[in-house]
Amino acid sequence: MGRFYKYRWQYAMILPAVALLFLFNYVPMAGIQIAFRDFQIGSSIWNSAWVGFDNFAFFKEPQFWVVVTNTMYISVLKFIFGFPAPILLALMINEVLHSGFKRFVQSVSYLPHFFSWIVVAYILQSFLTLDGGLVNDVIQKTGNESIFFLGSTEWFRPMIVGSGLWKEVGWNTILYLAAITAIDPQLYEAAKVEGAGKMAQIRNITLPGIMPTITIVLILSIPSLITVGMDQIYPMMNSANMSVSDVLDTYVLRSGLQQGYFGMATAVGLISSVLALVLVLLTNAISRKINGEGLW
Amino acid sequence: MRLSVGEKVGQTVIVILLSLLCLSVIYPFLYMLAISFNEGADAAKGGVYLWPRSFTLINYEIVLGNEVIRSAYLITIARTVLGTIVGMLVTLIAAYGLSYRGLPFRKGILAYVLITMLFSGGLVPFYIQLFNLGLTNTFLVYIIPTAFSAWNMFVMLKFLQGIPEALIESAELDGAGPVRILFQIIIPLSKPMLAALGLFTAVGHWNDWFAGAFYVTDQSLIPVQTFLQQLLNASDLSAVMGSNNNQEALARGSQQNITLMSIKMAVVMVSAIPILCVYPFLQKYFVKGVLIGSVKG
């Protein structure tokens with residue numbers, strides 16, 4: 001007992017965190033049983049009737065598979081463009097000779113990260129609206145038909161991928177730029193003496209130098225493959241683009257919180273939580289193999 | 001340093017591309033600013049790209065005279081200040097407690113925290129728990145459920161373990177208890193780390209619209225971002241017209257043909273300007289923050 005008493009202050013300081021995690025993480029985990037019960041809000045979870053796998057009937061609905069496809073489509077697209085872009089940008093920023101301009105580019109390109117996705121949605125709306133928006137204004141002046149971007153199924157994915165790039169590309173260069181700074185300058189000096197040009201230096205020194213960082217970022221982005229940030233999608237969603245914009249998170253949100261199908265929404269949520277867990281564990285195993293150590 | 005022709009061309013291309021990138025970040029704000037200072041019906045004809053063509057302050061008069069927006073602003077400020085202080089405190093003391101390596105069950109408690117980062121019950125059970133605890137439709141729903149951040153705690157823990165143990169031991173010899181050590185040694189030494197994580201937490205609170213949109217129904221409790229989210233897809237101006245203090249501005253507004261879009265631009269600028277103003281002063285902290293966080297916890 002003396003051992004515990006000695007650390008009484010430390011336990012007291014950890015207690016609020018433990019209590020908060022219990023209330024807002026572990027109790028909801030126990031609440032997953034709603035997926036197997038017939039639950040109504042206001043009644044007790046523990047007293048609701050068991051219904052087996054009835055809440056998993058969504059597997060047979062075509063709408064669910066549309067949602068799964070949309071989720072995969074957007075997350076894969078975001079990865080294909082979002083992963084290499086910061087590496088390219090970091091390489092370019094690194095080559096800038098004028099240090100004042102370099103700092104300016106860094107400051108400006110980090111800025112969008114600090115605005116909410118709602119603000120991003122406003123920017124898109126202001127540029128793309130049919131009523132005097134810049135883009136349609138230019139389209140009309142060049143003699144073409146206006147495009148209703150915001151309610152279009154073809155333009156939804158490019159808008160999401162493009163605005164996602166705009167918001168995060170600069171921010172995501174921070175790690176790469178730090179890794180580049182850590183490369184030994186003597187390597188570049190030696191390469192210059194040997195007559196290597198800029199491109200050869202990038203290929204043979206800079207890229208290998210930041211390869212560990214690239215690997216880590218790559219590994220860490222695996223779990224995000226099944227979660228498409230609802231924060232970004234939801235503000236841009238409307239009834240006109242629903243067939244391509246509805247993703248797993250928005251599906252759960254709508255069927256659960258808005259329509260009250262708690263059991264079904266919990267079941268869908270459970271599927272994506274399990275998939276996320278599998279991906280994280282897989283990621284950890286890969287990391288262990290490549291880097292010799294796991295993520296935790 | 002002399003540059004070869006190839007290098008000069010390379011520099012020029014890079015500078016042009018990066019300048020375009022910077023323009024793509026800065027221009028949208030200038031564009032929205034111009035529209036927010038322009039008469040709505042006039043802006044809808046197109047052609048207002050950089051400078052208001054038909055200058056007016058009416059959009060801002062109406063937006064700033066709106067009670068819902070004013071209360072939303074107060075809610076945002078209150079939750080950002082309170083949420084950041086409470087969140088940083090709860091997370092810091094937990095990290096500090098767990099930084100004692102001799103603590104019995106330390107590994108078990110760390111695992112208890114880590115599990116919550118790997119698996120969650122999902123949105124619906126979380127919402128039901130908020131409902132059962134009576135947190136839905138209260139201000140505290142912005143503060144309490146997110147007060148402890150497992151991610152921030154691991155970053156802090158990593159940082160605290162870098163503080164030389166000799167410092168703490170000598171303080172203990174002088175008779176200082178853990179609480180005094182926390183306030184007199186740990187916090188002063190952790191200032192850069194606390195500033196960086198505090199900044200991220202504050203931005204998270206400032207930008208969160210989700211809690212206000214789904215955990216709260218009382219309009220007097222919504223933050224600015226949730227107001228923006230509601231206005232984003234509004235089909236008419238009733239959201240800002242309904243509760244306006246400045247009736248005289250409203251009457252003039254309808255004469256000057258305000259539109260939903262011009263009002264929207266004024267609201268979004270009002271929400272963005274504070275971030276634009278503090279941003280230059282905070283830069284040195286957040287780069288540090290990302291780099292601290294990237295070190296494996």
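Looking at an unreviewed UniProt entry, chain A carries the name Protein lplB, with the source organism given as Paenibacillus agaridevorans. What the UniProt record of chain A gives under Sequence similarities (unreviewed entry) is the line "Belongs to the binding-protein-dependent transport system permease family." Regarding chain A, the relevant UniProt record gives this comment under Subcellular location (unreviewed entry): "Cell membrane".

Chemist: Got a sec to walk through the overall build of chain A? Specific residues and values, please.
Modeler: When you go through chain A residue by residue, the secondary structure sums to 15 helices and two strands. Taken against the 2.2 N^0.38 rule, which gives 19 Å for 296 residues, the C-alpha radius of gyration of chain A at 25 Å runs more than 25% over that of a compact globule. Viewed in the frame of its principal axes, chain A has a C-alpha envelope of about 75 × 75 × 35 Å. Counting across all 296 residues of chain A, residues that qualify as buried make up 32%. For chain A, long-range pairs separated by at least 24 residues make up 64% of all intrachain contacts whose partners lie at least 6 apart in sequence.

Chemist: Explain the UniProt feature "domain: ABC transmembrane type-1" (unreviewed entry) in chain A residue by residue, including any values.
Modeler: Per the UniProt record, "domain: ABC transmembrane type-1" (unreviewed entry) is found at residues 68-283 of chain A. For residues 68-283 of chain A, the end-to-end C-alpha separation is 21 Å, with 74% helix and 0% strand making up the annotated structure.

Chemist: Account for the domain arrangement of chain A, naming residues and giving values.
Modeler: Residues and elements named next belong to chain A. Here the domain parsing of chain A yields domain 1 (60-77 + 221-296) and domain 2 (84-182). Spacing between the C-alpha centres of domain 1 and domain 2 amounts to 24 Å. Taken residue by residue, the interface counts 14 residues in domain 1 and twelve residues in domain 2. Going through the elements one at a time, helix H3 (62-82), helix H12 (230-236) and helix H13 (242-245) are the ones with two or more residues in the side of domain 1 that touches domain 2. Per element, the largest residue contribution to the side of domain 1 that touches domain 2 is five residues, and it comes from H12.

Chemist: Go over helix H8 (residues 153-168) of chain A with me, naming the residues and quoting the values.
Modeler: Residue and element names in this part refer to chain A. Taking 1.5 Å per residue as the helical rise, H8 with its 16 residues ought to reach 22 Å, and the 24 Å between its terminal C-alpha atoms agrees with that figure. Among the residues making up H8, those that are buried are Phe156, Ile160, Gly164 and Lys167. When H8 is viewed along its axis, its buried side chains cluster within an angular range of 75° and face the same direction. On the buried face of H8, the contacting elements are H3, helix H6 (117-128), H12 and H13.

Chemist: If you had to explain the nonpolar core to someone new, which residues and values would you point to?
Modeler: With 110 residues, the main nonpolar core has Ala94 and Val268 of chain B as its most contacted residues. When residues of this core are assigned to their parent elements, the largest contribution, ten residues, is made by helix H4 (residues 67-98) of chain B. When neighbours within four sequence positions are excluded, Val268 of chain B is seen to be in contact with Val119 and Tyr122 of chain A together with Met32 and Leu228 of chain B. Counting residues in hydrophobic clusters, the runner-up holds twelve residues, among them Leu89, Ala90 and Leu175 of chain A together with Leu18 of chain B.

Chemist: Summarise the interface of chain A and chain B; cite the residues concerned and give the values.
Modeler: At the junction of the two partners, chain A supplies 70 residues and chain B supplies 79 residues. At 16 residues, helix H2 (residues 8-30) of chain A tops the list of elements feeding residues into the side of chain A that touches chain B. A breakdown of the residues in the side of chain A that touches chain B according to their chemical character gives 50 nonpolar, 14 polar and six charged.

Chemist: Explain the confidence of the model for chain B to me, and be specific about the residues and the numbers.
Modeler: Residues and elements named next belong to chain B. Looking at chain B as a whole, its pLDDT mean stands at 89, while 94% of the residues score no less than 70. When pLDDT is averaged over each element of chain B, H4 comes out on top at 95 and helix H13 (residues 238-241) at the bottom at 66. This complex was scored by the predictor with a pTM of 0.91 and an ipTM of 0.90.

Chemist: Tell me about the environment of Asn241 of chain A, and name the residues and values.
Modeler: Residue and element names in this part refer to chain A. Take Asn241: it is sitting in the loop between H12 and H13. The class of Asn241 is buried, set by 20 C-beta atoms lying within 10 Å. The spatial distance from the C-alpha of Asn241 to the C-alpha of Trp155 is 9.0 Å, given a sequence separation of 86 residues. The residues contacting Asn241, other than those within four sequence positions of it, are Gly151, Ser152, Thr153 and Phe156.

Chemist: Got a sec to walk through the environment of Thr129 of chain A? Specific residues and values, please.
Modeler: Within the fold, Thr129 of chain A resides in the loop between H6 and helix H7 (134-141). Placed 20 residues apart in sequence, Thr129 of chain A and Phe149 of chain A show a C-alpha to C-alpha distance of 7.7 Å.

Chemist: Pulling in residues and values, what's your account of the UniProt feature "transmembrane region" (unreviewed entry) in chain A?
Modeler: Mapped onto this numbering, the UniProt entry gives "transmembrane region" (unreviewed entry) at residues 12-36, 72-92, 104-124, 209-230 and 261-282 of chain A. As annotated, residues 261-282 of chain A has a helix share of 95% and a strand share of 0%, and its two end C-alpha atoms lie 32 Å apart.

Chemist: Could you give me a rundown of the domain arrangement of chain B, with the residues and numbers involved?
Modeler: Residue and element names in this part refer to chain B. When the domains of chain B are assigned, the result is domain 1 (5-65 + 244-294) and domain 2 (67-214). Put simply, the middle of domain 1 and the middle of domain 2, counted by C-alpha atoms, are 33 Å apart. Between domain 1 and domain 2, the residue contacts involve ten residues of the former and eleven residues of the latter. Top element by residues in the side of domain 1 that touches domain 2 is helix H15 (residues 260-294). It accounts for eight residues. Residues belonging to the side of domain 1 that touches domain 2 are distributed by class as follows: six nonpolar, three polar and one charged.

Chemist: So, the environment of Ile115 of chain B: which residues are in play, and what are the values?
Modeler: When you line up the elements, Ile115 of chain B lands in helix H5 (residues 106-118). Spatially, the C-alpha atoms of Ile115 of chain B and Ala150 of chain B are 9.7 Å apart, while their sequence positions differ by 35 residues.

Scoring rules and cut-offs
- Residues numbered from 1 in each chain as written.
- Chains lettered and ligands numbered in written order.
- Predicted model: local features only at pLDDT ≥ 70, side-chain atom pairs only at ≥ 80, totals over all residues.
- UniProt positions renumbered as here; feature names shortened; annotations may be inferred.
- Helix = DSSP H or I, 4+ residues; strand = E, 2+ residues; numbered from the N terminus.
- Rg over C-alpha atoms; globule rule 2.2 N^0.38 Å.
- Buried ≥ 20, exposed ≤ 12 C-beta atoms within 10 Å, placed from the backbone.
- Contact = placed C-beta atoms within 7 Å.
- Domains from an automatic or database assignment.
- Expected span 1.5 Å × (residues − 1).
- Arc of directions from axis to C-beta.
- Core = buried A, V, L, I, M, F, W, Y, C linked by C-beta atoms within 7 Å.
- Nonpolar A, V, L, I, M, F, W, Y, C, P; charged D, E, K, R; others polar.
- pLDDT = per-residue confidence, 0-100.

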